[in-house]
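If you want the building blocks of each chain, they are given just below.
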Amino acid sequence: FNIYQMLGTLDGEANFQLVFTHLNKKKIPIDESTRGECFAYLLNYCIRQVNRGSIEYAKEYLRLIDLLEAQQLLTKRQAISPLRFRNIISISLIARKNKWARDFLHRHQDSLIDRGYRGVVELSEATILFSERKYTACENTLNGFSFKDPYHELAYEHLRLKLGAQQVLMGKYDLANF
């Protein structure tokens, strides 16, 4: 059984299912490096499908994250990066798994806060609140944060714009006064 050969010979969907099945079985000996590469392949495949509009693959992505956590591989070498953390939260909301997103946030927020990424945690919380249509709580959560990196600054500004548009639609602000 050569996992690399399998990755190179099958079509995307069949490949995804076969690799996922093999990684899920604990009886198959795969060294940690190869296992990590396989998970990266599967996660990236899911992201490509999500970017094409597949909510099903957003759910598959979350199954992979659950499997990574169960096998203690998600944070084995290092803490979750702020970018991966935000991506996981965003994909869970695409999958309409708000409770899953909130549970994940609570399980991993301390690691981010301890490394100076409180703003990433707050932005993620605000994103969840917005998806739950808790606009006032979202706005309150967003107040007072700035980001050093352009990715999170853009995500912050994007959420502020969505929040403002939603408030206009709800009649909280009158565009004629601007």
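This text goes with the structure placed above it.
Residues numbered from 1 in each chain as written. Predicted model: local features only at pLDDT ≥ 70, side-chain atom pairs only at ≥ 80, totals over all residues. Heavy atoms only, no water.

1. Notes on the side chain of glutamine 167
You can see glutamine 167 is positioned in helix 9 (residues 150–169). A polar atom in the side chain of glutamine 167 sits 3.1 Å from the side chain of glutamate 139. (Helix = DSSP H or I, 4+ residues; strand = E, 2+ residues; numbered from the N terminus. Polar contact = N/O pair within 3.5 Å; in protein donor to acceptor, adjacent residues only side chain to side chain.)

2. Digging into helix 6 (residues 98–114)
Compared with the 24 Å implied by 1.5 Å per residue over 17 residues, the 24 Å span of helix 6 between its first and last C-alpha is a close match. Histidine 108 marks where helix 6 bends most, by close to 50°. Restricting attention to buried positions, one finds in helix 6 the residues Asn98, Trp100, Ala101, Arg102, Phe104, Leu105, His108 and Leu112. Buried positions along helix 6 lie against helix 4 (55–70), helix 5 (82–94) and helix 7 (118–131). (Expected span 1.5 Å × (residues − 1). Bend = angle between axes of the 7 residues up to and from the residue. Buried < 20%, exposed > 50% of the residue type's maximum accessible area, 1.4 Å probe, protein only. Contact = heavy atoms within 4.5 Å.)

3. Re the side chain of threonine 127
By the element assignment, threonine 127 lies in helix 7. In contact with threonine 127, other than residues within four places in its own chain, are Arg86, Leu93 and Leu159.

4. Looking at the packing of aromatic side chains
The geometry of an aromatic ring pair comes down to the distance between the two centres and the angle between the two planes. Summed over the entire model, instances satisfying the criterion amount to five aromatic pairs. Aromatic side chains tryptophan 100 and phenylalanine 104 sit 5.3 Å apart centroid to centroid with 5° between the ring planes, which places their arrangement in the stacked category. Placement of both tryptophan 100 and phenylalanine 104 in helix 6 is noted, with a separation of four residues, approximately one turn of the helix. Neither tryptophan 100 nor phenylalanine 104 differs from the other in exposure class; each is buried. Ring plane angle 65° and centroid distance 5.3 Å describe the contact between phenylalanine 130 and tyrosine 135, whose orientation is recorded as edge-to-face. Classification of phenylalanine 130 as buried rests on a relative accessible area of 14%. Of the residues examined, tyrosine 135 reaches a relative accessible area of 12% and is grouped as buried. Every member of this aromatic cluster is reached through a ring pair, and the members are Tyr41, Tyr45 and Tyr57. (Phe/Tyr/Trp six-rings, centres within 6.5 Å; stacked < 30°, edge-to-face > 60°.)

5. Quick notes on the nonpolar core
Ile65 and Phe104 are the most contacted members of the largest nonpolar core, which totals 48 residues. Considering every element that reaches this core, the biggest residue donor is helix 4, with eight residues. (Core = buried A, V, L, I, M, F, W, Y, C linked by side-chain atoms within 4.5 Å.)

6. Some remarks on unusual backbone geometry
A positive phi is found at glutamine 72, a non-glycine position, where the angle reads about 55°. In this structure, glutamine 72 sits in the loop between helix 4 and helix 5. With a phi close to 65°, arginine 96 is a non-glycine residue in the positive phi region. Tracing the backbone shows arginine 96 in the loop between helix 5 and helix 6. Classification of arginine 96 as exposed rests on a relative accessible area of 61%.

Purely geometric numbers; function is a separate question.
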